[in-house]
Amino acid sequence: MQLYSPRMAQYITMVDEELHRAMPATTGRQQTTAKAMAYAVEDGGKRLRPVLLLEWARLCGADVQTALPFAAAVEMIHASSLVHDDLPCMDNSLIRRGKPSTFAAYGEDMGLLAGDALILLAFEWMLTAGAQGVSAQTAVEAAAALAQAAGIEGMVGGQTIDLESEGRMIDLETLQDLQNGKTAAMIAAACKMGAIVADADLQTRNAAHRFGTELGLCFQIVDDLLDVTSTSEALGKPVGADEENQKATYVTLLGLESAEALAKERTEAALRSLGLFGEDADDLRQLTTALLTRTH
Ligand code: GRG
């Protein structure tokens, strides 16, 4: 099943171009880190978070062009998290998106700096390029939503639980906290930021956040399933890494069948949270269903 509708495929081209515009020059004395930043964001990945942001912005009535700097910023933060996650002090992963991970290509020091600089560029881009198309208040609200999702209450928090859980048995509640922070918070923030950029009301922003949370949890369960059932060629990263790193996952805690059933439940909950919207949300419904059966 196709993941993206033609409109969403078009978003990816727009996001790629915006990321390219945002990257620093690769000619000065700082060129090694600048090249590592571009390497980390360019031609790679599914671009799920920026696609969701743009689609929620459109659904809520915004001009997609206006939302574009915010979409690029979400992808920069996501890419920075992958760069940091692959570092020797974390997962020590040499392959990402089918090519050497950023630290493997540029060294640990430059990898760390590229991740740092991408985080800061994301905020600079929202508050400069982004603020040209929306009010200062809206840009600040969108930036705050992203900071919150990426920070201690979100991705950093989830990663903390993850690292401290390695090699230990954890319960389902802890795993849910971990995955809520590590994966779902950013996906939920992307959806909510689309609604924020469109100046949507609170009920709509909350629906976007709820949808993203359910989708994010489903996405993570499928990630855990693929780590067991897929191949490294299909995923562009090593499979079996969870077992090797002695990580608790939905599959190790629940078994394959129950993990699949939980992913289905989450998908249905995500679809229910689109109840406010009519046919205009059909591309999102199709994406939600396709993510359940994705192969990479
Ligand atoms: C940089 C703010 C900041 C925090 C770093 C290292 C870290 C803290 C967090 C790790 C977060 C992490 C790696 C979460 C995994 C989320 C996940 C499911 C990633 C894979 O997402 P995909 O499949 O990747 O969308 P692509 O490559 O398609 O973009």
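Everything below is about the structure shown above.
The structure reproduced in this document is the subject of the present report.

The rules we used
- Residues numbered from 1 in each chain as written.
- Predicted model: local features only at pLDDT ≥ 70, side-chain atom pairs only at ≥ 80, totals over all residues.
- Heavy atoms only, no water.
- Salt bridge = Lys/Arg side-chain N within 4 Å of Asp/Glu carboxyl O.
- Helix = DSSP H or I, 4+ residues; strand = E, 2+ residues; numbered from the N terminus.
- Buried < 20%, exposed > 50% of the residue type's maximum accessible area, 1.4 Å probe, protein only.
- Core = buried A, V, L, I, M, F, W, Y, C linked by side-chain atoms within 4.5 Å.
- Contact = heavy atoms within 4.5 Å.
- Phe/Tyr/Trp six-rings, centres within 6.5 Å; stacked < 30°, edge-to-face > 60°.
- Polar contact = N/O pair within 3.5 Å; in protein donor to acceptor, adjacent residues only side chain to side chain.

**Re the pattern of salt bridges**
Next, step 1: If you walk through the whole model with that rule in mind, you get 17 salt bridges.
Next, step 2: The shortest N-O distance in the salt bridge between Arg58 and Glu55 comes to 2.9 Å. Note that Arg58 and Glu55 are positioned in helix α3 (residues 48–59) at a spacing of three residues, about one turn of the helix. The same class applies to Arg58 and to Glu55, which are both buried.
Next, step 3: A salt bridge links Asp86 to Arg96; the shortest N-O distance between them is 2.9 Å. With Asp86 in helix α4 (residues 64–86) and Arg96 in strand β1 (residues 95–96), this residue pair connects regions lying ten residues apart in the sequence.
Next, step 4: Residue Asp86 is classed as buried on the basis of its relative accessible area of 2%.
Next, step 5: Among the charged side chains, a salt-bridge network with shared partners connects Arg7, Glu55, Arg58, Asp280 and Asp283.

**Side note on the nonpolar core**
Next, step 1: Trp56 and Met76 are the most contacted members of the largest nonpolar core, which totals 76 residues.
Next, step 2: Considering every element that reaches this core, the biggest residue donor is α4, with twelve residues.
Next, step 3: Beyond its immediate stretch of four places on either side in the chain, Met76 contacts Leu19, Ala22, Met23, Val41, Leu118, Leu121, Ala122 and Trp125.
Next, step 4: If you look at the next biggest cluster of nonpolar residues, it comprises 17 residues, including Leu175, Cys218, Val251 and Ala263.

**Section: the packing of aromatic side chains**
Next, step 1: Using the criterion set out here, one finds three aromatic pairs in the structure.
Next, step 2: Ring geometry for Tyr39 against Tyr106: centres 5.4 Å apart, planes inclined by 70°, an arrangement best described as edge-to-face. With Tyr39 in helix α2 (residues 31–41) and Tyr106 in helix α5 (residues 102–106), the pair connects residues that are 67 residues apart, well separated along the chain.
Next, step 3: Each ring, one from Trp56 and one from Phe277, has its centre 5.3 Å from the other, and the planes form 80°; the classification is edge-to-face.

**Section: the side chain of Lys99**
Next, step 1: Tracing the sequence through the fold places Lys99 in strand β2 (residues 99–100).
Next, step 2: A polar contact is formed between the side chain of Lys99 and the backbone oxygen of Tyr39, at a distance of 3.1 Å.

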